[in-house]
Amino acid sequence: MAKLKPATPWAASLAFSMLLTLAACTYEESTEGPTPAVTTAVANAKVLRIGTQDDGNVPTRGQIEEFARQVQERSGGNLVIEPVFRAGGDQVRGWDQLVAQRVMTGDLEMAVIPARTWDTEGVLSFRALSAPFLVTSSAVIKEAVKPEYAQGMLAGLKDVGVTGLAMFPDGPRVLFSFTTPILSPDDIRGMAIRAPLSTTTYAVLESLGALPQDLADQEFGEGVEGGKVGGAESSLGYASNLPGALNKTGHAIATGNLVVHSKINTIVINEKARAALNADEQQILQDAADYTREWASSLLATVSAEARKYCQDGGKVVMATEEQLAGFRNAAAPVYTTLDQDAGTRNLIAKLRDLAANTPADPAVEPCDYDTY
C-alpha cells in the first residue's frame, strides 16, 4: 500500500523552489504561464510523488508543475506534489509502461501517463484516441479532453488500481524520415520507425507497412546513425529530441499534414493513495486537475505553429497530396475493423468522428525546404 509521507525539509524546500520558477514554463507561442504561489509548504504536509518519463521543455513538465502549484495553493501547503521526472529510468524500453506500473503498484502515488500507453496494460478504453487519422488537430484535442468525452475513458482505469482525475492535451503526432520524405505507404514499407510502445499505435504503423520499434534513446540514435532506423513517429514540438533533427543538414523530414493520431495524457492516482486522503484533499486534487486541463488547453499550439518553429530551427516539412493521404487512410482501414469489435471503442470513434466533422480546422501547415527533393 502506498503511504503518504510528511514533507521532509528537503521536500518542502524542493516544493518551494520549484514553485518560484514555474512562471518560466510556457507552451509554444504563449506568453502566459503559471504564476508563483504566495504560500509555502507546511512542516507536516502530505507529499504525493507524481511520475512521468518526460523531462525538459515539453508539455508534460509544464502540466505537472502547474498542477503542483494549484494543489499547493488550494491546500494552503498541506499537500505537496513532488515531481519525479524520468521515472521509468534512463536507456530503457517501454518507458511509459514502467511509469504506469510504478503507480499501479503504489511505488508512486501519482503519474502522468500517455493515454496510448494503457492498452498494453489491459486498459482498452483509450484506444479510440489512437485510431488512425481520427484525432488530428489541436481543436479536436481540446474538446476530446473535456469531461463529457474523458470520463468514460478514465473509468476504465479502475480495473488496474488507479483513478483517473483528468486528461491533458499534448499534441498531434506526425511521421519523420531520416532519409527521403514519407509521402505514400510505399515510402514507409519495411522502414524501421521508432515509436513509443502502444498496441494500437503499432497496429496502425504496421498497417502502413512500417516496422515500429520501441527503442531506448541511445539505441535510437545509434540506429539512425547506422542507417538501421529510417524514421520516427513523434511531435513537431518534440522534434529537437530527434537525432539530427536540428543539425545543419536538417535531415529529419516531417510530413506536416500526415497526422497519424494525437498524444493525450492521463493524470492518475493510485487508488490506495487516494483512499488515504480525506474528502477535502481528494477534491483539491480533482479541482487542480480540472484547472490544469483548461490551462493546458488554452496554451496548446497548432500543428502549423509547431511546423513554423521546426522550420525556423532548421528542420524540413513536406506535404502529401490529397491522393497520397487517401492512400494512407486506405492502408490503415483494417485497424478500424479490429477496433470496432469493441462496442465502447466503436461508439467513441463515432463520437470523435462527429466531433472532428463539426470542429473548425486548424490553420494549414506550410512546407519548408521541400523543393530539394
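Owing to the predicted nature of the structure, the values given are computational and were not obtained by experimental measurement. (Residues numbered from 1 in each chain as written. Predicted model: local features only at pLDDT ≥ 70, side-chain atom pairs only at ≥ 80, totals over all residues. Heavy atoms only, no water.)

1. With respect to helix 7 (residues 199-207)
Within helix 7, burial applies to T200, T201, Y202, V204 and L205. A positive phi of about 100° marks G209, the residue just after helix 7. (Buried < 20%, exposed > 50% of the residue type's maximum accessible area, 1.4 Å probe, protein only. Helix = DSSP H or I, 4+ residues; strand = E, 2+ residues; numbered from the N terminus.)

2. Re the state of the cysteines
This structure, assessed with the given rule, holds one disulfide. Across the disulfide, C311 is cross-linked to C368 (sulfur-sulfur distance 2.0 Å). With the S-S dihedral at roughly -85°, the linkage between C311 and C368 falls on the left-handed side. Taken together, the residues C311 in helix 11 (residues 303-312) and C368 in the segment after helix 13 (343-357) connect sequence positions 57 residues apart. (Disulfide = S-S within 2.5 Å.)

3. A few points about the nonpolar core
The biggest cluster of nonpolar side chains holds 57 residues, and the ones touching the most others in it are W118, F126, L129, L157, M167, I188 and L352. In terms of residues, this core owes the most to one element, helix 12 (residues 322-339), which gives six residues. Aside from chain neighbours lying at most four places away, what touches I188 is L175, I182, I193, L208, G209 and A210. Ranked by size, the runner-up nonpolar core spans 21 residues in total, among them V71, I81, A166 and F168. (Core = buried A, V, L, I, M, F, W, Y, C linked by side-chain atoms within 4.5 Å. Contact = heavy atoms within 4.5 Å.)

4. Details of empty space enclosed by the protein
One simple way to see leftover space: roll a probe sized like a water molecule over the atoms. All told, the structure shown has one cavity of 30 Å³ or more when counted by the stated rule. Its volume calculated, the largest cavity comes out at about 40 Å³. If one sorts the elements of the lining of the largest cavity by residue count, strand 9 (residues 253-270) sits on top with four residues. Class assignment for the residues of the lining of the largest cavity results in four nonpolar, three polar and two charged. (1 Å grid on protein atoms, 1.4 Å probe; cavity = no way out; pocket = protein on both sides within 12 Å on 5 of 7 lines; lining within 4 Å. Points joined across faces, edges and corners; volume = space filled by probe spheres on them. Nonpolar A, V, L, I, M, F, W, Y, C, P; charged D, E, K, R; others polar.)

5. Considerations on the packing of helix 2 (residues 59-75) against helix 10 (residues 279-298)
Where helix 2 meets helix 10, the axes come as close as 9 Å, and the angle between the chain directions of the two elements is 140°. The angle between the axes of helix 2 and helix 10 places the two elements in the oblique class. Along this stretch, helix 2 crosses helix 10, giving a crossing that reads as right-handed. Counting all contacts with helix 2, which are made through G62, Q63, E66, F67, Q70, V71, R74 and S75, the residues of helix 10 involved are I284, L285, D287, A288, A289, Y291, T292, W295 and A296. (Axes fitted to C-alpha atoms, helices over the stretch in contact; angles between N-to-C directions. Parallel < 35°, antiparallel > 145°, perpendicular 65-115°, else oblique. Left-handed = near helix turned anticlockwise from the far one by under 90°.)

6. So, the packing of aromatic side chains
Taken as a whole and judged by the stated rule, the model has two aromatic pairs. Look at F176 and Y310: their rings are 5.7 Å apart centre to centre, the planes differ by 90°, and that puts the pair in the edge-to-face class. A residue pair is termed long-range when its members are at least 10 positions apart, and F176 in strand 5 (residues 162-177) and Y310 in helix 11 qualify at 134 residues. Overall, F176 belongs to the buried group, its relative accessible area being 0%. Of note, R61 hangs over the ring of F85, and the distance from its end group to the ring centre comes to 4.0 Å. (Phe/Tyr/Trp six-rings, centres within 6.5 Å; stacked < 30°, edge-to-face > 60°. Lys NZ or Arg CZ within 6 Å of the ring centre and 35° of its normal.)

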